[in-house]
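# What the coordinates show
Each chain is listed here by its residues.
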Amino acid sequence: MATAPEVPNFAQFNFVEGDTIAMITKQNGQNAALVSYGQGLETFGEEIEQEQAEAIQTVENIRDNEVIPARDSAQAAATAASESEQQAEYWADQAAGSVADGYIDDSVTATNKTWSSSKIDARLNADRDPTISFDFVRDEYFIDNGERTFAPAEWAMTVERASPKSVEGPNGYLREVAPNTIARNWRNGVCLGALIEGSATNLLTYSSQFDNAAWKKADASIIANSTTAPDGTETADELVEGGGSFGKSVGMAAIPVISGASFNFSVFAKKAERSVVVLRASNAGIFASFDLAEGSVINSGWLDAQITEVEGGWFRVSATYTPSATGNEDFRIHVTANTDGNISYTGDGTSGVYVWGAQLEEGSQPSSYIKTEDTPVTRADDNVSRTLGAEFNADGFTIFSNSYLAYGAMLSLHNGTFDELIVFKISNSGSNLTIDFRSSGAPAGTYTRALEYFGGGISGSVALAISSSGSCVVAVNGVADTFSINAIPSVTTMQLSRSASRSVDQSTKAHYARIDAIPRALTEAELVELTS
């Protein structure tokens with residue numbers, strides 16, 4: 001402990017009457033005492049500083065070696081207990097069927113089908129427990145190779161997409177998803193799961209800037225940035241009719257088209273003073289008209305006209321056109337006062353509809369919106385896969401998928417080539433499910449099933465069980481078949497929406513709600529229950 005120096009008795013050095021030599025002596029003594037006292041104060045200050053430093057070091061040592069480790073240990077224990085409790089509650093809820101997550105069919109032309117994650121979870125419990133589970137609706141993923149590990153999607157699988165993409169968010173507005181991440185898509189507040197698509201190019205420039213000179217107006221005008229767009233920005237335009245008797249449209253001219261190829265034309269539209277919008281291929285003379293008040297297709301000379309509701313009174317209207325000859329086509333968007341979709345009438349010069357996000361792409365249905373400026377823009381394709389490890393039993397297993405897919409490759413297991421392959425495919429017409437098997441570079445079996453009673457494509461659940469003997473059971477929405485294959489393919493990779501090649505069998509559009517792998521072949525009765 002630092003000790004302050006004793007204050008000298010300076011009074012002994014006071015001058016008295018008659019001091020001379022004695023005065024000088026006293027003064028010198030006083031000075032010496034002051035110097036000594038000052039040196040003592042300096043030493044005292046240094047000792048205090050040293051003791052303060054030692055005290056601080058002692059406190060820091062206690063903090064680093066005792067307090068922080070104790071805190072971290074307590075937090076880790078609390079986190080582990082919380083996670084254990086949450087997982088226990090989670091699986092208890094699944095078994096009780098009390099979780100109310102769901103999936104809605106993305107097809108607006110067929111009867112909507114719904115499913116409950118909790119029911120599937122309950123059916124996968126006990127002796128059907130999966131060792132790979134990708135629940136894209138809940139954004140929950142785990143791998144069980146003897147130790148169950150919950151992890152983010154990008155850890156549980158490889159997610160590749162070189163560009164961002166736009167999907168609908170929980171609030172109904174379009175949101176941009178970063179490259180190389182799972183794009184989870186919502187519809188009317190319900191998560192549909194992961195939206196996985198092939199690449200697409202929007203052939204129309206200035207996709208949301210209809211006031212640009214690239215868009216040719218016919219008896220119509222554009223009021224730019226008139227209202228809130230589907231992405232939440234104030235960038236939607238109003239297409240206002242003129243006072244003439246025909247036209248009232250905005251369009252993009254001289255777009256090259258190829259004979260026999262499918263082209264999908266789409267735009268987001270919302271009623272204003274008018275409530276009917278028309279898509280037209282002028283040179284071909286075909287129309288598709290839509291009621292923006294009722295959310296319905298009025299009539300169409302196009303293939304597969306669709307109207308899909310989005311947030312804030314908006315609808316995405318689309319139609320598919322297959323040219324009979326190679327050449328150029330003019331694609332136009334009309335406003336009309338006629339409820340039957342007829343575009344001939346005398347306009348009032350002030351009424352219109354709101355429009356935003358026009359897109360023209362090759363394919364039979366609209367893919368996620370691709371914004372353009374002065375040039376066409378290509379959105380990269382999605383490639384989602386997992387390299388299989390100890391969690392996968394290659395000698396006998398079950399693969400379960402809950403998804404919506406119109407056509408193309410739904411799911412594949414392979415060894416990186418076509419030599420060892422299991423691929424689930426929907427025919428281009430959406431009428432057949434085919435499962436192809438290849439082993440040692442040769443065909444090992446094929447299963448085909450008509451899907452017309454499901455309205456085309458797969459909407460709901462499909463499961464395949466393969467036993468060590470090559471006996472197989474496949475079930476689709478509760479209906480099962482049995483068959484056999486010559487050999488079980490030796491697979492090392494599970495891939496969504498593709499076969500073994502990135503350029504083959506790409507699906508135009510698929511929503512994946514859930515994918516599971518179970519390390520044994522379930523029975524026919526179990527598959528029926530699981531997929532019902």
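Residues numbered from 1 in each chain as written. Predicted model: local features only at pLDDT ≥ 70, side-chain atom pairs only at ≥ 80, totals over all residues. Heavy atoms only, no water.

### Details of the overall build of the chain
Each helix and strand counted, the chain has 4 helices and 35 strands in total. A burial count over the chain gives 49% of its 532 residues as buried. In the form shown here, the chain has an accessible surface area of approximately 22900 Å², with 50% of it arising from carbon and sulfur atoms. (Helix = DSSP H or I, 4+ residues; strand = E, 2+ residues; numbered from the N terminus. Buried < 20%, exposed > 50% of the residue type's maximum accessible area, 1.4 Å probe, protein only. Areas by Shrake-Rupley, 256 points an atom, 1.4 Å probe, with all protein chains shown as cover.)

### A short note on the side chain of Ser 461
Looking at the secondary structure, you find Ser 461 in strand β31 (residues 458-466). For Ser 461, the side chain forms a polar contact with the side chain of Asn 402, separated by 2.7 Å. Aside from chain neighbours lying at most four places away, what touches Ser 461 is Phe 400, Ser 401, Asn 402, Ala 475, Val 476, Asn 477 and Thr 531. (Polar contact = N/O pair within 3.5 Å; in protein donor to acceptor, adjacent residues only side chain to side chain. Contact = heavy atoms within 4.5 Å.)

### Re the environment of Trp 215
Within the fold, Trp 215 resides in the loop between β11 (200-202) and β12 (216-218). Here the alpha-carbon distance between Trp 215 and Arg 332, two residues 117 residues apart in the chain, equals 9.1 Å. Sequence-distant contacts of Trp 215, that is, excluding residues within four places in its chain, are made with Leu 204, Thr 205, Tyr 206, Gln 209, Phe 210, Val 250, Gly 251, Met 252, Ile 333 and Ala 358. For Trp 215, the side chain forms a polar contact with the main-chain oxygen of Thr 205, separated by 3.4 Å.

### Quick word on the pattern of salt bridges
Within the structure shown, the criterion is met by 17 salt bridges. Across the pair Asp 135 and Arg 138 runs a salt bridge whose closest N-O atoms are separated by 2.9 Å. Given the relative accessible area of 2%, Asp 135 is considered buried. The salt bridge partner of Lys 371 is Glu 373, with a shortest N-O separation of 3.9 Å. Judged by relative accessible area, which is 35%, Glu 373 ranks as partly exposed. (Salt bridge = Lys/Arg side-chain N within 4 Å of Asp/Glu carboxyl O.)

### Examining the confidence of the model for the chain
One rule of thumb: low pLDDT means the predicted coordinates there are not for detailed reading. Per-residue confidence for the chain gives a mean pLDDT of 83, with 79% of residues at or over 70. Confidence drops under a pLDDT of 50 for residues 86-116, and excluding neighbours within four residues, the segment shows 74 contacts in the predicted structure. This model gives residues 502-507 a pLDDT under 50, and the stretch forms 23 contacts once residues within four places in sequence are excluded. (pLDDT = per-residue confidence, 0-100.)

### Some words on the sheet that holds strand β30 (residues 442-450)
Taken together, the 7 strands give an open sheet; going across it, the order is β6-β25-β34-β27-β28-β29-β30, and neighbouring strands pair in antiparallel fashion. Unpaired on one side and paired on the other, β6 (158-160) and β30 mark the two borders of the sheet. Recorded for the sheet is a direction-independent mean angle of 15 degrees between the axes of neighbouring strands. The pairing of strand β25 (residues 383-387) with strand β34 (residues 493-496) spans 4 bridges and is classified as antiparallel. Considered in β34, the bridge of Ser 385 is made with Gln 495. (Pairing = 2+ DSSP bridges. Axes fitted to C-alpha atoms, helices over the stretch in contact; angles between N-to-C directions.)

### Notes on unusual backbone geometry
Backbone geometry at Asp 139 places phi at a positive 60 degrees, although glycine is not the residue there. Its place among the elements puts Asp 139 in the loop between β3 (132-135) and β4 (140-144). The phi angle at Ser 440 is positive, at roughly 55 degrees, despite the residue not being glycine. Assignment of secondary structure puts Ser 440 in the loop between β29 (432-439) and β30.

### Things to note about the nonpolar core
One finds Phe 134, Phe 136, Met 157 and Leu 464 to be the most contacted residues of the largest nonpolar core, which totals 47 residues. If you tally residues by element for this core, the top one is strand β35 (residues 510-518), at 4 residues. Contacts of Met 157, omitting those with residues within four sequence positions, involve Phe 134, Phe 136, Tyr 141, Ile 182, Val 384, Ser 385 and Arg 386. Counting residues in each nonpolar core, the second largest holds 38 residues, with Phe 315, Ile 333, Tyr 345 and Val 355 among its members. (Core = buried A, V, L, I, M, F, W, Y, C linked by side-chain atoms within 4.5 Å.)

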